[in-house]
Amino acid sequence: MEDLARHSGATVRTIRGYQDRGLLPRPERRGRANVYRDTHLSRLRQIAGLLDRGYTLASIKELLEAWDAGRGLGGVLGLVAEVERPWSDEEAARMTRAELNEKFGGTRDDAAVEDAVELGVLVRLPETPDEFLVPSPQELAVAAELHAAGVPLLAISGHLRELRAQVEHIAGRFLDFTTEYVFQQYLDHPPTDAEATEAASLVRRLRPLAQQTVDAELARAMRALATRYLRHHLGEAAISAPASAAPATTSPAPDPVPDPADAAEPVPLPAATVRAVRELVGAEHIAAFIAAAAEREVRARTMDALAARR
């Protein structure tokens, strides 16, 4: 068993556990010695590969029993490979730190780079410390365009975190939906080679549908919301124009009577929110930024309510 552990990379305790669960055949007994063969080593490597793909030990046992019964694992492994292959035709690229700095205005921003690494937008290459792997050049190009338009880098990464959580929810719902109506028939038992091959073919057919649906719905929502935003801001400008164009009078305007509703009122805010706003706009603009954000949200909801009454 020690020799098997050394060759397979598994621990003796793990091998014993697999034997107790029926995942690994018992060794051949020769006198007082237990003899393990290449078949045991091969089985351990199969188990390790399936664990890496996310299978539980219980499901691995069912698959291996099917394999031992002569049903094969070729179709199942083909299905796994189809699901695991990239879901986009985009190819990763490499970029040096100098190229990265130039792409984002020519300045060096270590905090933004660390944020991008944490998000997986950039991947460090140990063999070349001054170079990064860019899994999605398109995503990085979007960030560069937003930054060139005036959006701070930390605001971009914060937006990506929020967007990623929402997109993962959408992906999860799409998988739940297709599993319930399409794939459950293949997953409620160890599939045969023919069933697994059929399921892999379905994955290939349905693979682009999620992105096509999201693209269509995003286009619809952007058009509707952008139109609403434009009307909202143009409406404000039209309302304020007559006041700004009014002729000045010779007599000074009386001092406005202060409205008690405009008095400052202390509101407790999470410390993390205040820190994020400080990093975004600076300490001197914290109150103005939070007030403007709250006012914009109130106006947006008012516009939504008015639109809903039509």
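Residues numbered from 1 in each chain as written. Predicted model: local features only at pLDDT ≥ 70, side-chain atom pairs only at ≥ 80, totals over all residues. Heavy atoms only, no water.

K.L.:
Explanation requested: the pattern of salt bridges in the structure shown.
P.N.:
Once the charged atoms of two side chains with opposite charge are near each other, the side chains can pair. Enumeration over the complete set of coordinates arrives at 13 salt bridges. Of the charged contacts, one joins aspartate 110 and arginine 97 as a salt bridge, the two residues approaching to 2.7 Å between their closest N and O atoms. Residue aspartate 110 is located in helix 7 (residues 110-119), and its partner arginine 97 is located in helix 6 (residues 97-103); the two are separated by 13 residues in the primary sequence. The salt bridge involving arginine 173 is made with aspartate 176; its shortest N-O contact spans 3.8 Å. Remark: aspartate 176 and arginine 173 occur in helix 9 (residues 153-187); sequence separation between them is three residues, near one turn of the helix. Within the structure, one salt-bridge network assembled from shared partners comprises Glu28, Arg30 and Arg37. (Salt bridge = Lys/Arg side-chain N within 4 Å of Asp/Glu carboxyl O. Helix = DSSP H or I, 4+ residues; strand = E, 2+ residues; numbered from the N terminus.)

K.L.:
Please explain the packing of aromatic side chains as it appears in this structure.
P.N.:
For any pair of aromatic rings, the description consists of the separation of the ring centres together with the inter-plane angle of the planes. Tallied over the entire structure, the rule returns one aromatic pair. Between phenylalanine 177 and tyrosine 181 the ring centres are 5.4 Å apart and the planes differ by 55°, which places this aromatic pair in the tilted class. Of this pair, phenylalanine 177 and tyrosine 181 both sit in helix 9, four residues apart, which is roughly one turn of the helix. (Phe/Tyr/Trp six-rings, centres within 6.5 Å; stacked < 30°, edge-to-face > 60°.)

K.L.:
I would appreciate a short explanation of the packing of helix 7 against helix 9 in the present structure.
P.N.:
For any two helices packed against each other, one specifies the inter-axial angle together with the distance between the axes. Relative orientation of the contacting elements helix 7 and helix 9 amounts to 15°, with a least axis distance of 9 Å. As the angle between them shows, helix 7 and helix 9 are arranged roughly parallel. Judged by the twist between their axes, the crossing of helix 7 over helix 9 is left-handed. For the pair helix 7 and helix 9, the contacting residues are Ala112, Asp115, Glu118 and Leu119 in the first and Leu153, Leu154, Ser157, Leu160, Arg161 and Arg164 in the second. Its residues assigned to classes, the contact of helix 7 with helix 9 shows five nonpolar, one polar and four charged. (Axes fitted to C-alpha atoms, helices over the stretch in contact; angles between N-to-C directions. Parallel < 35°, antiparallel > 145°, perpendicular 65-115°, else oblique. Left-handed = near helix turned anticlockwise from the far one by under 90°. Contact = heavy atoms within 4.5 Å. Nonpolar A, V, L, I, M, F, W, Y, C, P; charged D, E, K, R; others polar.)

K.L.:
What exactly am I supposed to notice about the packing of helix 8 (residues 137-148) against helix 9 here?
P.N.:
With their axes 10 Å apart at the nearest point, helix 8 and helix 9 run at an angle of 135° to one another. Classified by the angle between their axes, helix 8 and helix 9 sit oblique to one another. Handedness of the helix 8/helix 9 crossing: right-handed. Of the residues in helix 9, those touching helix 8 at Glu139, Ala143, Leu146 and His147 are Leu153, Ile156, Leu160 and Arg164. Counted by class, the contact of helix 8 with helix 9 contains five nonpolar, one polar and two charged residues.

K.L.:
What is the right way to look at the side chain of serine 157 in this model?
P.N.:
Inspection of the secondary structure assignment puts serine 157 in helix 9. A distance of 2.5 Å separates a polar atom in the side chain of serine 157 from a polar atom in the side chain of aspartate 115. Setting aside anything within four residues of it in sequence, one finds serine 157 in contact with Asp115 and Leu119. (Polar contact = N/O pair within 3.5 Å; in protein donor to acceptor, adjacent residues only side chain to side chain.)

K.L.:
I'm lost on the sheet that holds strand 4 (residues 123-124) in this one. Help?
P.N.:
Each strand in a sheet pairs with its neighbour through backbone hydrogen bonds, running either in the same direction (parallel) or in the opposite one (antiparallel). Taken in spatial order, the three strands make up an open sheet running 3-5-4, and their pairing is antiparallel. At either end of the open sheet lies a strand with only one pairing partner, and these are strand 3 (93-96) and strand 4. Bridge analysis of strand 4 against strand 5 (residues 131-134) gives two bridges, and the strand direction is antiparallel. For arginine 124, the partnering residue across the bridge sits in strand 5 and is phenylalanine 132. (Pairing = 2+ DSSP bridges.)

Don't take any of this as a statement about function, it's just geometry.
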